[in-house]
Each structure stands twice: as structure tokens, then as C-alpha cells.
Amino acid sequence: MQGDDAFHVYDTTLRDGSQQEGLNLSVTDKLAVARHLDDLGVGFIEGGWPGANPKDTEFFRRALTELDLRHAQLAAFGATRRAGVKAADDPQVAALRESRAPVVTLVAKSHDRHVELALRTTLAENLAMIRDTVSHLVAEGQRVFLDAEHFFDGYKANRAYALEAVLTAAEAGASVVALCDTNGGMLPDELADVVHEVVSAGARVGIHCHDDSGCAVANSLAAVKAGATHVQGCANGYGERSGNANLFTVIGNLQLKRGMRLVTDDQMAEMTRIAHAVSEVTNVTPSSQQPYVGVSAFAHKAGLHASAIKVDPDLYQHIDPALVGNDMRMLVSSMAGRASVELKGRELGYDLSGEKAKDVVARVKELESTGYTFEAADASFELLLREELTGVRQRHFEVESWRAIVERRPDGSMISEATVKLHAKGERIIATGEGNGPVNALDNALRVALERLYPELARLELVDYKVRILEGSHGTDARTRVLIESSDGEREWGTVGVEDNVIAASWQALEEAVTYCLLHAGYEAG
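Note that this is a predicted model, so its numbers are computed, not measured.

Conventions we followed
- Within each chain, residues carry numbers counting from 1 in the order of the written sequence.
- Side-chain atom pairs in this predicted model are given and counted only at pLDDT of 80 or more, local residue features only at pLDDT of at least 70, and totals for whole chains, interfaces and linings cover all residues.
- Water and hydrogen atoms were dropped before computing side-chain values, which therefore reflect all heavy atoms in the structure.
- We count a stretch as a helix when DSSP gives it H or I for four or more residues in a row; a strand needs E for two or more, and each element gets its number in order from the N terminus.
- Only protein chains enter the accessibility calculation, which uses a 1.4 Å probe. A residue is then buried if its area is under 20% of the maximum for its type, exposed if over 50%, and partly exposed in between.
- Only the protein chains shown count as cover for residues, and the accessible areas themselves come from Shrake-Rupley with a 1.4 Å probe.
- When DSSP finds at least two bridges between two strands, those strands are taken to pair.
- All axes are obtained by fitting lines to C-alpha atoms, using only the stretch in contact for helices, and the reported angles, taken between N-to-C directions, cover 0 to 180 degrees.
- Whether two residues are in contact is decided by their heavy atoms: any pair within 4.5 Å suffices.
- For this analysis, a salt bridge means a side-chain nitrogen from Lys or Arg found within 4 Å of a carboxyl oxygen belonging to Asp or Glu.
- Note on aromatic pairs: the rings of Phe, Tyr and Trp (six-membered ring only in Trp) are paired at centre separations within 6.5 Å, and the planes decide the class, stacked below 30 degrees, edge-to-face beyond 60, tilted for the rest.
- By the definition adopted for this analysis, an angle is roughly parallel if under 35 degrees, roughly antiparallel if over 145, roughly perpendicular if from 65 to 115, and oblique otherwise.
- Three categories are distinguished: nonpolar for Ala, Val, Leu, Ile, Met, Phe, Trp, Tyr, Cys and Pro, charged for Asp, Glu, Lys and Arg, and polar for the others, with Gly belonging to the last.
- Expected helix span is given by 1.5 Å per residue-to-residue step, counting one fewer step than there are residues.
- N or O atoms within 3.5 Å of each other form a polar contact, as long as, within protein, one can give a hydrogen and the other can take it, and as long as residues adjacent in sequence are counted only when both atoms are side-chain atoms.

A tally of helices and strands in the protein chain yields 18 helices and 16 strands. The buried share of the protein chain, taken over its 526 residues, is 52%. Surface exposure of the protein chain reaches about 23100 Å², of which carbon and sulfur atoms provide 48%.

What follows is the structure, given as C-alpha cells:
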């Protein structure tokens, strides 16, 4: 795709995506995200606006020596020159030249009211600003794309002027003019009609959509169908307000549904990993229901679905999840039937054919009626499964007692201390631990008690902790569910505890997390 320049996949995560509320990327973060996007095989990565702020200027400076892009070209973003100033003399245009980015994307007004009210200049001068800036940068050896800001709203208000802005940029040397649905209010059918008209006028057209009406991806696909050969978007749909078109979804749809060859099969199979890696860098929790790459994108819960999937996975999946590096998952819940449990058992390596699944299904439904959930607690489900199949409680230690106290000291600081008494490998062990809260203290005490006998626990880490007061309960007497996510550095697993007391529920989930860790470290349970 990148070689013949026939179609562009253009990422603007580092510029437009970073305007999302609560998302704040350092220069190092931006370099890391760019590397991930390059691994995906996008054609262009918009790095930011050099000269507009020190961070973006530093990004382009460091990119020269620290960013070794194998697939993408780096694009610098900026605006057309100011009114009444030559492009060659404008400091902002100079910053674009000095960025040494091979591509410059200019934003320009294409809506007449924005020209007059926001730029406070004339319609003719705005066209001169476009013409002068594009031709100047092209003459300086940089490739120029132009983002026609508020294009669709401007086209509705003054079709002739919006179109003239596009054609002026094209005639001045812009390789592509991206039509921007800046307010995100367009619908696919009306947007496609406009794109078709602009393409027919003779310009090479791109598309840049926001998701304020929930149509950013659909609008992007409609634009491509209407003739756009350049599509912009952001990783994970990042962006201000409701976000931008999700570039992962756009790529998945164009390649897997429309048959366009945008990235290699190997790059497509990395898409889920890359989506989650970007989420780690941005520190934005990924949406579990994100198309293609979400952890729930191929998760099946209802028994009817599971029965069909047992016959043929394609009956309830629009693609093979392996194509995008994702996995089919069976969720075990009160909605589960035998097929769900059999498939989940097979996923975990257990044969539940015949009558074996019946008792497991009954046990799951009984526990979920009391507040348990196994959808996000695969480890707890596996322990339950082992116990049902073997008749043996899966434990490597027996708990005699535990207690936790919270102390507020005179200086206002808080400290928690926990003591556990348990039996393991024929020994009675008493251990204490401190922490920033009672659960942390219990976790530390349990490790102190067991690490000498089970050194593998030194790698165990609690990575997430969630508490939920269950519906139908009241105030401080409410029944509580705790979900804990743990990791040993190589894999992650979830466990669940339900009790009237939040600390007791937490202990239950902690105990199962340790047990699961030891089982998968090769220790046989008693």
C-alpha cells in the first residue's frame, strides 16, 4: 500500500487523539506510541504541531535520532500562514520546515463563517493563505496534505467556497485534501454524496471524521466507498469530545470486509496487541467492547450462542479472531448452559463431555445467585472446575485464622497490619505484614507466610482490585463482591470473593489467587 501511494492510512493519535480529556503524553510516550503504530504498518504518523508548543518541537527533534520508522512517514501538523504575512516569513511555517518531517499537514478554513469570524480575514485572503503556504512548502521539498477544517458544515453553508478552498490547495500542490467532519455531526449517506461531488471535481480527497454522532467509522467507510483514497483516524478512537474514527476498526473493516490490502497479514495479526500496548502507554483503560481488538469482542455468554459455537464458531463470529490477534472466549455465568461450560472447560484443558458438565453448570448458577461472577474470574472458575471433577478442594495450605487492623496515628497517617495463621507442608506458620490498607497488609502477610515454602510467590503481583456492593443490599450491611487481577509477570488471572464483609471477600479472592499461582507453578494441591 505505502509503496504505490494508491491509498493512505494516516494516524493522528499523537496530535488529534492526544486532545482527549485526561490523556497527557510525554515526548517519550509519543515516541513509544509511534513505534507501535509503525509496527501496525500505517502509512503516515502525525507527530504533532512543531512550534506551537515545546513538547511537539522536542518530539520532532528527538524523532530524527530516536525514531527508526520502517513503514510509516512522519507528518508535522500546522496551519496556513497568517493573514497579511508571506509564508516564507511566517514563524509557524518556518517551524514546519525546520521539523524536517517529510510530510506537512496544514489545517485550513473551508467554512466561510469560520474565515470571517475566527480568522477575521476575507474569503479571498484565506484562499491566498492556502495557496501561498502549500506552494511554499512544496517548493522547499516537503510533501503537503491539507485538512479542510469544518468542510462538511461549510459545504452546506456555501458549497462554492468550500469547493474552491479544496481546489485551491490541490492546484497549489497539495497531494491530498482531507475533508474534515470537525463537529462530527454528519451521517454516512449525506457525507458520501458530498465526497463523491468533491472527487468528481478533480481533487484527490481524504477523510477525517469525529464521532460526535457515533458515525465516525461508518462515515470513514462511506467516504472511501465514494472515492476518498486517504483515511485518517486515531488508535482506540482517541480524541476530544467523543473521539475520532477508531483507526483499528477502520483498518479491520477495509481490509477484512472490503478486501483492500492495507497492511500485511502478520501486521493485522498484531493489531490487538498493538491496541493494548498503546493503551498501556497512554494509561487509558481499553474498552473491552472495542470492535476487533477488545477483550470482549469475541466473548460469548449466552447458552444458545455457546451451543451454536460448539457446532461451528463462525455461526456467531463475523471473522476468525486470530486474524486480528484476538481470541474467542467463553464466559461462564448464570446464563451459561452445558455447551458454554464444555467449551470453557476445553479452553482450560478439561474434558467436560457427557454428563460431567451438568454438576458444574448447577454449581455455577447456584454461586452466581449469591453474588459470584466468573466472567472476569477465570482462575476462580478453574479452581471450581477442578474441585467438581476431582472432589478435592484445591488448596496448598489450610488457614487457621487471619485478622487485619487499621490504625490512625497521631500525625494523621494510616497504617494497616495483618496477621495470618496457617498450615502448609506439615508446618504451622504465623506471619504478619503491613500495608497501606488492610487488603494490602493481608496480601503481604500471606506472602511472608508462604514464600519460604513456595519461592514462586515472589513473582506474584496484585495488579487490579475492584469492589462492588451487590444490588438489593443496603448500606454498610451490604453483601460485597471483590474481583482481584493478579500476575506472575507472564500471565494474568482473575479471582473472585463474595462475603458480607469486604475484607473477608478480599481474603477469599487473595487465597484463590495464590492457589492458582501455585497450581500453574507445578505444585500439586491437596
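So much for the structure itself; the text now carries on.
The strand order across the open sheet built from 3 strands is E11-E12-E13, with neighbouring strands paired in antiparallel fashion. Whereas interior strands pair on both sides, the edge strands pair on one side only; in this sheet they are strand E11 (398–408) and strand E13 (427–435). Adjacent strand axes in the sheet meet at a mean angle of 10°, parallel and antiparallel pairs treated alike. Each of E11 and strand E12 (414–424) touches helix H18 (residues 502–520); the most contacted strand, E11, lies at about 130° to it.

This part takes up the sheet that holds strand E14 (residues 461–469). In space, the 3 strands of this open sheet follow the order E14-E15-E16, with antiparallel pairing throughout. Two strands in the sheet have a free side with no partner beyond their single neighbour: E14 and strand E16 (492–499). Within this sheet the neighbouring strands show an average axis-to-axis angle of 15°, counted without direction. Looking at chain direction, strand E15 (residues 480–487) and E16 are connected through 8 bridges and run antiparallel. What sits directly across from Glu485, in E16, is Gly494.

Turning to the pattern of salt bridges, a few remarks are in order. In total, this model carries 29 salt bridges according to the counting rule given. Taking the shortest distance from any N to any O, the salt bridge between Glu149 and Lys109 comes out at 2.8 Å. Pair noted here: Glu149 is in strand E5 (residues 143–149) and Lys109 is in strand E4 (residues 103–109), with a separation of 40 residues, a long-range link. For Lys109, a relative accessible area of 15% corresponds to the buried category. Put simply, Glu270 and Arg273 hold a salt bridge, and the shortest N to O gap is 2.5 Å. Its relative accessible area of 37% is what places Arg273 among the partly exposed residues.

The final tally for this structure, using the stated rule, is 10 aromatic pairs. For the ring pair Tyr454 and Tyr523, a centre distance of 4.8 Å and an interplane angle of 80° mean the geometry is edge-to-face. Here the residue Tyr454 occupies a position in the loop between helix H17 (438–450) and E14, and Tyr523 occupies one in the segment after H18, the gap between them amounting to 69 residues. With a relative accessible area of 4%, Tyr454 lands in the buried category. Pairwise contacts between aromatic rings join Tyr10, Phe44 and Phe145 into one cluster.

Moving on to the side chain of Thr168. Residue placement: Thr168 occurs in helix H7 (residues 159–172). Beyond its immediate sequence surroundings of up to four residues, Thr168 is in contact with Leu127, Ile130 and Arg131.

What follows concerns the packing of helix H16 (residues 378–390) against H18. When two helices pack together, their arrangement is captured by the angle between the axes and the distance separating the axes. Orientation of H16 relative to H18, taken along the N-to-C sense of each, is 70°, at an axis distance of 10 Å. One element, H16, and the other, H18, form an angle in the roughly perpendicular class. Between H16, through Ala379, Ser380, Glu382, Leu383 and Arg386, and H18, the contact on the second element is made entirely by Glu512, Thr515, Tyr516, Leu519 and His520. A breakdown of the residues in the contact of H16 with H18 according to their chemical character gives 4 nonpolar, 3 polar and 3 charged.

Our focus in this paragraph is helix H2 (residues 54–66). Compared with the 18 Å implied by 1.5 Å per residue over 13 residues, the 17 Å span of H2 between its first and last C-alpha is a close match. Turning to H2, its buried residues number three or more, namely Asp56, Phe59, Phe60, Arg62 and Ala63. Elements that come into contact with the buried residues of H2 comprise helix H1 (27–40), strand E2 (44–48) and strand E3 (73–79).

Tracing the sequence through the fold places Arg481 in strand E15. From its side chain, Arg481 meets the backbone oxygen of Gly371 in a polar contact 2.6 Å long. With residues up to four places along the chain from it excluded, the contact list for Arg481 reads Gly371, Tyr372, Thr373, Lys466, Val467, Arg468, Leu470, Val496, Gly497 and Val498.

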